[in-house]
Amino acid sequence: MRTRERIGVGDALMLLPALFIGLFFLFPVGTVLWRGLGGEGLDAVFDLAKSPRQRDVLWFTFWQAAVSTALTVAVALPAAATVGGLSDRARRFVRSLVTVPFVLPTVVVAGAFDELFFATGLDTGDFRLRHTVWAILIAHVFFNYAVVVRVVGTACAGLDGRQAEAARVLGATRWQAWRAVTLPRLRPAIASASAIVFLFSFTSFGAVLILGGPKRATLETEIYRYAVSRTDLTRAAALAVVQLVAVLALVAVSTWLERRRPATTRMARPTRTLGSRPGRWLNVGMATALLGAPLAVLIERSFSTGTGYGLSHYQALGTRVRQLPAPATTALWNSLHYAALATVLAVLIGVVASVVVVHGRSGSRRLFDLGLTLPLGTSAVTIGFGILIALDEPPVDFRTRWWIIPVAHALVGVPFVVRTMVPLLRSIDPSIREAAAVLGASPSRVRREIDLMIGARGALVGGGFAFAVSLGEFGATSFLPRRPEDLTAPVALFRLLSTPGDLLRGQAMALAVVLMVFVSVSVFVIESSRGTAEGSL
Amino acid sequence: MLRVDALTVRFGDVTAVDDVSLELAAGERLAVLGSSGCGKSTLLRAIAGLEAGDGTVSVDGADLTHTAPDRRPIGLMFQDHALFPHRTVEQNVAFGLRMAGKKESARTRRVREMLALVGLEGFGEREIATLSGGEAQRVALARALAPAPKVLLLDEPLGSLDRYLRERLIDELPDVLGATGTAAIHVTHDHDEAFAIGDRLAVMHAGKVLQVGSPGEVWAAPTSITVARVLGHTNEIIDGVTKVVWRADAMTIDPSGPHQAMVDRVHFRGVDHDVRLRTHDGRMLRFLLDDPPAAGNDVRFSIDPARVLRFD
């Protein structure tokens, strides 16, 4: 007698993502490893250890990530607790709001903070923030605030409020009940969020490049400096190997923490006894100041014409300036176009890969699990650098083709699709599939009717993230040599921001605002389609 | 019509279903009674084709042993309903019809018919998440019946309902099955439910079917002490080498009766009383009486020999 059939996924179906990831990810990253570890590469790795500057870079990369993580958790934890106590609808709204900064292009955020420092006089003098480590740390808190609020806030909402109530009835104060009952149960979520924040801060590129100033360097910006400014590819590859090893270790820790995090039960009653009214307002105030101020300054400056307010900076986007190879509007159009393509690619690959990860035969499943965890942690810079040095000779001389840009963006976007789809697919009760089978659905029909239909929402959410991420992608794109007409909006913005003087600032701010609007719209679309599918990022 | 022959399902070292053979006539309802973990759910899953095992399953003479679940003319109603959360009530009920390639007009008609049959007219557009337990249960029944399976398997279908709903559905379920003429195997751990729903009763224990017969026959003459226990008999007395069971309705208070015990406690049950007695050697006995003695007193009683079961 037959059955208990694992839904077998055809080999042909797996070929597409396997080829894609193999050619555009594994091959380039493999080339980086080969360059970094073979021949003179290995010597370069050892040279790194001897050079005091590189030791400083490595040390700085680590400690700024650690401090960024600690600061982010400290600032966002009270907000996460408050969010957990909100009604479902209010929670979704707040989640959308804090998610906008998370997907905002790094270049936009860096520009906004730079502008904020100018506007408040913090660019020079005793309390100077511009081009200091503090600027980087504040920007990292800004980006990663959403990670802690989303992950920990969801865990809070899933907690059974009656346990804290039981503690209160047994004589604990509100604070004691939180310390003794609620906090320990949130610890896995906090650990998991911290690991993600650390990883993001460790691989942060655009923010460090712009806000840190010319002298601050992390591994990421150092790879960029050697590969693009000095064209010392051997040294860059050696740095990339160090980066890759560190990131893989971090991903391993993060995955381990993620596994330990218990699935939240949606049946539980939310903890409404948390956070007094003034406490809640304090949170809202802090979040507004942190997340709102730089964006407000950004918007204000984009309309400010020196003599009043107007649209002149926006109108100027249509004409080419000397610093850009094409008008900013062309760059915006390119970015939208690439983002659409990257999204289609990322969703296609991500959906197939997720189905294989959840249902594939154990061998291919494990292979895919591994193959997908890699791009998840590998920084955009490593991906861009890998494509730069690997896909440069026939028959794979692709690095100057325009479509390599959306391909690189898709690689950065695939993990978002997988991360939203896999938990959704895993959450499908097996008896639902059996019910469909007993009602006459063949295994392939079950996959279509049940898994794909339920997973579609995850694909939509992941696709939305992929779109937003592609719109703002800077790390990988900055490595790819482009024809002038292939300019993307974040790269154009970076050029405008690095131009000294006030001349192009207004135009830069206008371009940043337009990018921000595009990204915000996609985030709200994501959140409105997400429904009850909460949990991971 | 349905024939199960020497069916055995093993999970590693555990034999969940042990050499079970059953037969089901067209339109007949068989109740399978057993405590939790006795293998009755696995038996249903194996008949539906969801578990692999040894032995054969056939319907109307056609051997289905190697047929995939989606190609068997057998329906299964799951214990927790397993409704599709991403579809409406109507889409849930129509699913099997769609799989069978029925036209939309035919589907719509059949869905309306089925929803009317289970008393849910006008529920078609509702989301699954908005249904109460009883409503979800009826949707699951309508969904299982819609493709007109030759045999419907029901796995503890009333298990998650409150008492009031259970009793109502125990009345309705045979009517609905009778209206469609569907043969059914109804699995339950509750003997009242099994007696009410089954034309025949099969008692299952540790993977084996121990006795099959009409509910009246099985109740009156269990073939072993294990069957008696599954049926809810608790008053076991050892009389030499034979085991004797006093049915709960066997006792009469009788000042000159041969037995004596202390009345431990009395539960009022509405129609009658559930009386617990403690004998002088510490054994607990349970009887149902209309006029109970007062708790704490000693009482003498006699036992109706016609209501005593003996096992050698």
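Use the structure listed above.
What counts and what doesn't
Residues numbered from 1 in each chain as written. Chains lettered and ligands numbered in written order. Predicted model: local features only at pLDDT ≥ 70, side-chain atom pairs only at ≥ 80, totals over all residues. Heavy atoms only, no water. Helix = DSSP H or I, 4+ residues; strand = E, 2+ residues; numbered from the N terminus. Buried < 20%, exposed > 50% of the residue type's maximum accessible area, 1.4 Å probe, protein only. Contact = heavy atoms within 4.5 Å. Phe/Tyr/Trp six-rings, centres within 6.5 Å; stacked < 30°, edge-to-face > 60°. Lys NZ or Arg CZ within 6 Å of the ring centre and 35° of its normal. Patch = residues over 30% accessible without salt bridge, like charges linked within 9 Å, V, L, I, M, F, W, Y side chains within 5 Å. Areas by Shrake-Rupley, 256 points an atom, 1.4 Å probe, with all protein chains shown as cover. Salt bridge = Lys/Arg side-chain N within 4 Å of Asp/Glu carboxyl O. Expected span 1.5 Å × (residues − 1). Bend = angle between axes of the 7 residues up to and from the residue. Buried area = accessible area lost by both parts, 1.4 Å probe. Polar contact = N/O pair within 3.5 Å; in protein donor to acceptor, adjacent residues only side chain to side chain. Nonpolar A, V, L, I, M, F, W, Y, C, P; charged D, E, K, R; others polar. Core = buried A, V, L, I, M, F, W, Y, C linked by side-chain atoms within 4.5 Å. Pairing = 2+ DSSP bridges. Axes fitted to C-alpha atoms, helices over the stretch in contact; angles between N-to-C directions.

### Brief notes about the overall build of chain B
Assigned secondary structure in chain B consists of 8 helices and 18 strands. Over its C-alpha atoms, taken along the principal directions, chain B stretches across nearly 75 × 40 × 30 Å. Within chain B, buried positions represent 50% of all 312 residues. Sequence-distant contacts, at least 24 apart, represent 63% of the contacts inside chain B between residues at least 6 apart.

### Section: the packing of aromatic side chains
All told, the structure shown has 25 aromatic pairs over all chains when counted by the stated rule. Look at B:Phe195 and B:Trp219: their rings are 6.1 Å apart centre to centre, the planes differ by 75°, and that puts the pair in the edge-to-face class. Of this pair, B:Phe195 sits in helix H6 (residues 191-197) while B:Trp219 sits in helix H7 (residues 215-220), and the two are 24 residues apart along the sequence. Geometry around A:Tyr226 places A:Arg225 over its ring, the cationic atom sitting 5.5 Å from the centre. A cation over an aromatic ring shows up here: B:Arg143 above the ring of B:Phe84, its NZ or CZ 4.6 Å from the ring centre.

### Some words on a nonpolar patch on the surface
Residue and element names in this part refer to chain A. Judged by side-chain polarity, Leu33, Leu37, Leu42 and Phe46 come together as a nonpolar surface patch covering roughly 350 Å² of accessible area. Listed by contribution, the elements that provide at least two residues to the nonpolar patch are helix H1 (11-37) and helix H2 (40-50). Checked against the element boundaries, Leu37 lands in helix H1.

### Notes on helix H19 (residues 443-472) of chain A
For H19(A), which comprises 30 residues, the first-to-last C-alpha distance of 40 Å matches the rise-based estimate of 44 Å (1.5 Å per residue) to within 8%. Where H19(A) bends most, at A:Leu452, the angle is about 40°.

### Observations concerning the interface of chain A and chain B
The interface is formed by 22 residues belonging to chain A together with 35 residues belonging to chain B. Here chain A packs against chain B, burying approximately 2,400 Å² in sum over the two surfaces, 62% of which is carbon and sulfur. Our enumeration of links across chain A and chain B arrives at 3 salt bridges. Summed over the shared surface of chain A and chain B, the result is 5 residue pairs in polar contact (both at pLDDT 80 or more). Only helix H18 (430-438) and H19 of chain A provide two or more residues apiece to the side of chain A that touches chain B. Residue contributions to the side of chain A that touches chain B peak at 7 residues, all from H18(A). The residue inventory of the side of chain A that touches chain B, partitioned by class, reads 12 nonpolar, 4 polar and 6 charged.

### Notes on the pattern of salt bridges
In this structure the tally under the stated criterion is 35 salt bridges over all chains. B:Arg45 serves as the salt-bridge partner of A:Glu434, at 2.5 Å between the closest nitrogen and oxygen. Of this pair, A:Glu434 sits in helix H18 while B:Arg45 sits in helix H1 (residues 40-48), which puts the two residues in different chains. When its relative accessible area of 18% is taken as the criterion, B:Arg45 is described as buried. Notably, a salt bridge pairs B:Arg276 with B:Asp274, separated by 3.1 Å at the nearest N-O pair. Classification of B:Arg276 as partly exposed rests on a relative accessible area of 25%. Each member of the salt-bridge network shares a partner with another, and the members are A:Asp114, A:Glu115, A:Arg301 and A:Arg505.

### Let's talk about the nonpolar core
Counting 199 residues, the largest nonpolar core has A:Tyr145, A:Val152, A:Phe385, A:Leu493, B:Leu2, B:Ile47 and B:Leu153 as its most contacted members. Top contributing element to this core by residue count: helix H17 (residues 404-426) of chain A, with 15 residues. Those residues in contact with B:Leu153 that lie beyond four places of it in its chain are B:Leu44, B:Ile47, B:Ala48, B:Ile74, B:Gly75, B:Leu76, B:Met77 and B:Ile185. By size, the runner-up hydrophobic cluster in this structure holds 34 residues, among which are B:Val111, B:Leu141, B:Leu169 and B:Ile197.

### As for the side chain of A:Ser204
Residues and elements named next belong to chain A. By the secondary structure assignment, Ser204 is in the loop between helix H8 (174-202) and helix H9 (206-211). Assessed through its relative accessible area of 8%, Ser204 is described here as buried. In this structure the side chain of Ser204 is engaged in a polar contact, spanning 2.8 Å, whose partner is the side chain of His140. Setting aside residues no more than four positions away along its own chain, Ser204 makes contact with His140, Thr218 and Glu220.

### Comments concerning the sheet that holds strand S2 (residues 14-24) of chain B
Paired through backbone hydrogen bonds, the strands of a sheet run either parallel or antiparallel to each other. Residues and elements named next belong to chain B. Read across the open sheet, the 4 strands follow the order S2-S1-S4-S5; overall the sheet is antiparallel. What marks the edges here is a single partner per strand, and that holds for S2 and strand S5 (62-63). With 7 bridges joining them, strand S1 (residues 2-11) and S2 adopt antiparallel strand pairing. Directly across from Phe11, in S2, lies its bridge partner Val14. Taken strand by strand, H1 contacts S1, S2 and strand S4 (54-59), and its axis lies near 115° from that of S1.

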